[in-house]
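An overview of the molecular structure
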Amino acid sequence: MATISSLGIGSGVDLNGIVSQLVALERKPIAQLEKSARSIQTQMSSVGTIQSQFAKLQDAANALTGTQVWNSVQSTTSDATSVSVSASNGAPVGSYLVNVQRLATSQSVLAPTALASSAALPGAGTLTIEIGSWDAAGTSFTARAGGNPVSIVITADDTLATMRDRINSAGAGVTASIVTDSTGARLTMSSSESGAAAGFRVTAADADGTPNDAAGLSRFAYDPSTGANQMQRMQAGANSLATINGIEVSSAGNVLSGVLEGLNLTLNRVTTAPVSVGVTRDTGAIRDSIKGFATAYSDLAKSIGDMTRFDPATKTGGPLQGDSVTVGLLSRMRALINTPSGASTVFSRLSDIGLTLQRDGSMSVNETRLDSAMGRLGELRTALSAINTAEPQNAGLARRFSDLATALLGTDGAITNRTSSLQKALANNRSDQDKVNARAEATEKRLVAQYSAMDSAVSKLSGLNAFVSAQLAALGSTNR
């Protein structure tokens, strides 16, 4: 409240204090409104926590009603150093025997004659590289269908190092590098890909005018089909070769994809004995999801219990004590647990698979029962995830919780409506506070105006009284 410094000067009365106290009385409802606002905000926060935990329970239920956890698999291999394996979800369960006869290789060639260093000049001309396949003898070349030879111009100023860089940047399907040892620097070239169809030949148009000799650019040619094979073949390009359950398979690479449904096999070395690879159901993921559901339920039940409970020791209640909506949530959750489902004749209740309610409202996991249920995965999946729109009470045990969460968290759900109700109450509270403040400000203005007028009148009367008193005193002195 604004202080009027001159108020009360004329009358000598503490009118500021009077106005302040009267306005304070007018503002008194603010304290209760602010207390109510704090209570509403606490309730909103509590409902928000329940909303978040219900969403987590829904996620846990959805994990058990979806396909991913039930289709999750594990891959196994008896010798990962020879054959490693990875499986995608949904891969059929099974086992296979793999023998590796040959690994895929890339063709590589090496210049037999070393230059002084990588800075030496190899000679000028044009190298032409073509991708294709060689016959078993390595003397007949078949160019790749649709492939185009790549020509690389080497100038007289190019060093062995810059020639290497020109080859690598040409995109010819060949990678060049320099090997330096005690004899000097030698160029080596390898196919960028492995496999028999990724071989290559190199022809040279030598600027010195003498083709297919061991001087100038000709020394880097490799084409045995024409006799231009100054480069030495160090390794031929070859496909990998293996058998799976006795069936021969071949690939340009050492990763076999699509040979076995849902499996990728990586061939790491030639084997002398069969390697057993397989796919098994990932029961650990299913077990973890079931336990995750129990944890999500327990966390939610505990929060609702704490927020609605009255503590006789402290004589205080939770922020949602007496809230019918919140209390009703726990009742609906328990009803789902206590009502059997007809989705499965084997597991009609959660307790049949080892999920049981405790006295404190939490859900515990009976490992023995869960182990038994895991032995019948097909029936367990049906019991938890079955859909029954005609008779919702016979839907899967986990699906019923998912459906409940969807209803509660939806646009017209009980939790959503409770949140909206609290938001509206808080808005009304703030409006009421604004009204009280406005009324107090109006009262203050009115009182200041009234007391200012009174103060002025009293001031005038005081002045008149002083004047009359002075006149009377003067008259008395004259009479004497």
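Reference entry: report on the structure contained in this document. (Residues numbered from 1 in each chain as written. Predicted model: local features only at pLDDT ≥ 70, side-chain atom pairs only at ≥ 80, totals over all residues. Heavy atoms only, no water.)

What about the nonpolar core?
Residues Phe54, Phe293, Leu350, Leu384 and Phe401 are the most contacted members of the largest nonpolar core, which totals 47 residues. Elements represented by at least two residues in this core include exactly α2 (29-65), α3 (68-71), α5 (283-308), α6 (324-338), α7 (367-374), α8 (377-385), α9 (397-409) and α10 (414-479). Counting residues per element, this core draws most heavily on α5, at 10 residues. Once you skip the residues sitting within four places of it in the chain, Phe54 turns out to touch Leu300, Leu329, Met333, Leu404, Ala405, Leu408, Leu409 and Ile415. Counting residues in each nonpolar core, the second largest holds 31 residues, with Ile154, Phe220, Ala228 and Met231 among its members. (Core = buried A, V, L, I, M, F, W, Y, C linked by side-chain atoms within 4.5 Å. Buried < 20%, exposed > 50% of the residue type's maximum accessible area, 1.4 Å probe, protein only. Helix = DSSP H or I, 4+ residues; strand = E, 2+ residues; numbered from the N terminus. Contact = heavy atoms within 4.5 Å.)

Focus on a nonpolar patch on the surface
Taken together, the side chains of Ile18, Leu22 and Leu25 define a hydrophobic patch exposed on the protein surface, amounting to about 250 Å² of accessible area. By secondary structure assignment, the location of Ile18 is in helix α1 (residues 15-27). (Patch = residues over 30% accessible without salt bridge, like charges linked within 9 Å, V, L, I, M, F, W, Y side chains within 5 Å. Areas by Shrake-Rupley, 256 points an atom, 1.4 Å probe, with all protein chains shown as cover. Salt bridge = Lys/Arg side-chain N within 4 Å of Asp/Glu carboxyl O.)

Regarding the packing of aromatic side chains
This model, assessed by the stated rule, comprises 4 aromatic pairs. Where Tyr297 meets Phe401, the ring centres are 5.9 Å apart and the plane angle is 90°; that geometry is what we call edge-to-face. Taken together, the residues Tyr297 in helix α5 and Phe401 in helix α9 connect sequence positions 104 residues apart. For the pair shown, Tyr297 and Phe401 are each scored as buried. (Phe/Tyr/Trp six-rings, centres within 6.5 Å; stacked < 30°, edge-to-face > 60°.)

Quick word on the packing of α2 against α5
Relative orientation of the contacting elements α2 and α5 amounts to 160°, with a least axis distance of 9 Å. On the basis of the axis angle, α2 is roughly antiparallel to α5. Note on packing geometry: the crossing formed by α2 with α5 is left-handed. Facing α2, whose interface residues are Ser46, Thr49, Ile50, Gln53, Phe54, Lys56, Leu57, Ala60, Ala61, Ala63 and Leu64, α5 presents Ser289, Ile290, Gly292, Phe293, Ala296, Tyr297, Asp299, Leu300, Ser303, Ile304 and Met307. Across the contact of α2 with α5, the residue classes tally to 14 nonpolar, 6 polar and 2 charged. (Axes fitted to C-alpha atoms, helices over the stretch in contact; angles between N-to-C directions. Parallel < 35°, antiparallel > 145°, perpendicular 65-115°, else oblique. Left-handed = near helix turned anticlockwise from the far one by under 90°. Nonpolar A, V, L, I, M, F, W, Y, C, P; charged D, E, K, R; others polar.)

Details of the packing of α5 against α6
Two elements in contact, α5 and α6, have axes separated by 9 Å at closest approach and are oriented at 145°. Note on packing geometry: the crossing formed by α5 with α6 is left-handed. Contacts between α5 and α6 involve Tyr297, Leu300, Ala301, Ile304 and Thr308 on the former and, on the latter, Thr326, Val327, Leu329, Leu330, Met333, Arg334 and Ile337. Looking at the contact of α5 with α6 residue by residue, the class counts come to 9 nonpolar, 2 polar and 1 charged.

Quick look at the sheet that holds strand β3 (residues 94-102)
Strand order in the open sheet formed by 5 strands is β1-β16-β3-β12-β13, with antiparallel pairing between adjacent strands. Because the sheet does not close on itself, it has two edges, and the strands there are β1 (73-77) and β13 (247-251). Across this sheet, the average inter-strand angle for adjacent strands is 25°, counted without regard to direction. Bridge count between strand β12 (residues 240-244) and β13: 5 bridges; the pairing is antiparallel. Across the sheet, residue Leu241 finds its bridge partner in β13, namely Ser250. (Pairing = 2+ DSSP bridges.)

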